Amino acid sequence: MGDKLFIEKAYINGKFVETEQTFPVVNPATLTVLGNVADCTVTDCREAITAAEIAWYHWRDTAVGERCALVRRLFELINEHKKELAEIMTKECGKPYAESLVEVGYANSFMEWYAEEGKRAYGETIPSLKKGMHLSTIKQGVGVVAAITPWNFPLAMITRKVAPALVAGCTVVLKPASQTPFSAIALGKLAEMAGLPKGVLNIVTSKDSKGIGKELATNPKVRKISFTGSTPVGSTLIAQSADTVKRVSMELGGNAPFIVFEDADLDKAVQGAIAAKFRNAGQTCVAVNRFYVQEGIYDAFASKLVTAVEKLKVGDGMKSGVDIGPLINQDGLEKVRAHVADALEKGAILRRGGKQIKDLFFEPTVLTNVSTNSLIATEETFGPVCALFPFKKEEEAISLSNGTPFGLVAYFYSSNVYRCHRVAEQLEAGMIGINTGMVSNASAPFGGVKQSGVGREGATYGLEEYLEVKYLCYGG
Ligand code: ADP
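Below or above, wherever it landed, is the structure these notes cover. Values in this document were obtained by computation on a predicted structure and should not be read as measured data.

Looking now at the site of the ligand. As a structural note, the neighbourhood of the ligand is formed by 16 residues, with T149, W151, K175, S209 and S230 the closest of them. At 3.1 Å, a side-chain N or O of W151 approaches an oxygen atom of the ligand. In this structure, an oxygen atom belonging to the ligand sits 2.7 Å away from a side-chain N or O atom of S230. In isolation the ligand has 550 Å² of accessible area, and contact with the protein removes 79% of it. Assessed atom by atom at 2 Å from the grid points, the ligand resides in the largest pocket. Breaking the shell around the ligand down by element, the ones donating at least two residues are α7 (209-218), β10 (222-228) and α8 (231-240).

Shown next, in the form of structure tokens:
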């Protein structure tokens, strides 16, 4: 593995630091220890916040062209080291190497995009209603940003926050998921190589997620908190950050529906279903959780899906030809098992898979005739399981899709342009995939409604999350 980027230390105030305690990170494919990483305490985190605050006074005054050039340099370095980064990623989170390479490219697209967009944080001039006044706005970075990220996209969930924050003139304290700290630290190393000034990006690795999270959410020096992860943790962070009235961006859980209408191109729908369901073994917040399939094509779609699923190869993501890696840990595996068992108990038919293969590997699974009161209909499964529910009418599919507290993404397939527009308008989700199973890219707004989150990442919206509007009123 890339020796240069594989570092077992935290990155605080421009230094890679060791701590008294460390914690092991396990490769989920081999169940062996990949490395032991610094276990930062709340005191270490406080130090990182102070460093970020001091760095901010300089960073915010650095010309935007210079900030963008540094982010662009980081983009180039990530590109040069993409293979090393992908290997670290596969070994810490289990996703197939080819998929990790795609994630590195996706993660880096935020560096590229914001290195340009940062230059366009325009203010405005406002016509004054009264004589003798001149009104305008400028935009400035919010200040020290705390970023807390999950393990399922060990790099992309970081760059989606860090790239816009840096170009906006903010400094960052990042707490990566304890399962996947090495991708984050590797990014820290590349940032150092790019010449990012000390304290501008700090990486606090820790097993004490609760303690570090609370410090980040309550420390008055932190002006904004950006979190990607589960809804319960997101709502805790919102509550904790209320006393100091921080700005928040929350990318939380999903429970994505995927509707297949009778007028859909079934082969394309199956292709989209595989992409939207099985990426990272189904462990993504935009993974399909509920397939609603119209009665007339239900059997045909199910058979085609089973055939496609049979071709998926499960194994260690470092081996070539593997499509699906392991689940992240035992809890993840137990949840998938429980959802399958519950669906079968409530009358579902097992069409493919359904069992653990060994260790953390689970068979890609297809269940049909799943009852709408199954766990899988209401909770995110986060695993390689397709649950198919039949429906009769369009209104029924919409009401089933919307019948959840979540609203991150919804997908549907139809060849009728009128229906496409009608259904897209009625689905309660922040993102809609119409005849596609992949929606996210750097130039589009990613985010949810209802309990799936607050705010957007990516696009110009993602930059606004790190900017304050300051109104200037000139008299006389
Ligand atoms: P996931 O199911 O993806 O692990 P979590 O919400 O548990 O979702 O974790 C996402 C991130 O939040 C990780 O970095 C994790 O360490 C962190 N985390 C977990 N619990 C807390 C907490 N109580 N406060 C702050 N951060 C937390």
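Under the criterion given, the structure shown has 13 aromatic pairs. A ring pair is formed by Y11 and F16, whose centres lie 4.4 Å apart and whose planes are at 25 degrees; its orientation type is stacked. According to the relative accessible area criterion, Y11 is buried, its value standing at 3%. With a centroid separation of 5.1 Å and an interplanar angle of 55 degrees, the aromatic rings of F258 and F291 are classed as tilted. Pair noted here: F258 is in strand β12 (residues 256-260) and F291 is in strand β13 (residues 288-294), with a separation of 33 residues, a long-range link. Across the pair, F291 and F258 agree in class, each one buried. If you follow R60 out to its NZ or CZ, it ends over the ring of W56, 4.4 Å from the centre. When the ring centre of Y466 is taken as origin, the NZ or CZ atom of K224, which lies over that ring, is 5.1 Å away.

Looking at the largest pocket, its volume works out to about 1,100 Å³. Every residue lining the largest pocket is counted, 41 residues in all, and those nearest its centre are W151, F227, G229, S230 and V233. Listed by contribution, the elements that provide at least two residues to the lining of the largest pocket are α7, β10, α8 and α11 (330-345). The dominant element in the lining of the largest pocket, judged by the number of residues it contributes, is α8, at 6 residues. Both domains that furnish three or more residues to the lining of the largest pocket are identified here as domain 1 (10-252 + 452-474) and domain 2 (256-441). Empty space within the second largest pocket amounts to approximately 330 Å³. Taken together, 20 residues make up the lining of the second largest pocket; nearest its centre are R60, K139, Q140, G141 and A168. Ranked by residues supplied to the lining of the second largest pocket, first place goes to strand β24 (residues 467-474) with 4 residues. Counted by class, the lining of the second largest pocket contains 9 nonpolar, 4 polar and 7 charged residues.

Bringing the side chain of S452 into the picture now. Inspection of the secondary structure puts S452 in the loop between β22 (449-450) and β23 (453-454). Of the residues examined, S452 reaches a relative accessible area of 0% and is grouped as buried. A distance of 2.8 Å separates a polar atom in the side chain of S452 from the backbone nitrogen of G407. Those residues within four positions of S452 in sequence are excluded, and the remaining contacts are M250, E251, L252, G253, G254, F406, G407 and L408.

Reading guide: rules and limits
- Residues numbered from 1 in each chain as written.
- Predicted model: local features only at pLDDT ≥ 70, side-chain atom pairs only at ≥ 80, totals over all residues.
- Heavy atoms only, no water.
- Near = heavy atom within 4 Å.
- Polar contact = N/O pair within 3.5 Å; in protein donor to acceptor, adjacent residues only side chain to side chain.
- Areas by Shrake-Rupley, 256 points an atom, 1.4 Å probe, with all protein chains shown as cover.
- 1 Å grid on protein atoms, 1.4 Å probe; cavity = no way out; pocket = protein on both sides within 12 Å on 5 of 7 lines; lining within 4 Å.
- Sits in = over half its atoms within 2 Å of the grid points.
- Helix = DSSP H or I, 4+ residues; strand = E, 2+ residues; numbered from the N terminus.
- Phe/Tyr/Trp six-rings, centres within 6.5 Å; stacked < 30°, edge-to-face > 60°.
- Buried < 20%, exposed > 50% of the residue type's maximum accessible area, 1.4 Å probe, protein only.
- Lys NZ or Arg CZ within 6 Å of the ring centre and 35° of its normal.
- Points joined across faces, edges and corners; volume = space filled by probe spheres on them.
- Domains from an automatic or database assignment.
- Nonpolar A, V, L, I, M, F, W, Y, C, P; charged D, E, K, R; others polar.
- Contact = heavy atoms within 4.5 Å.

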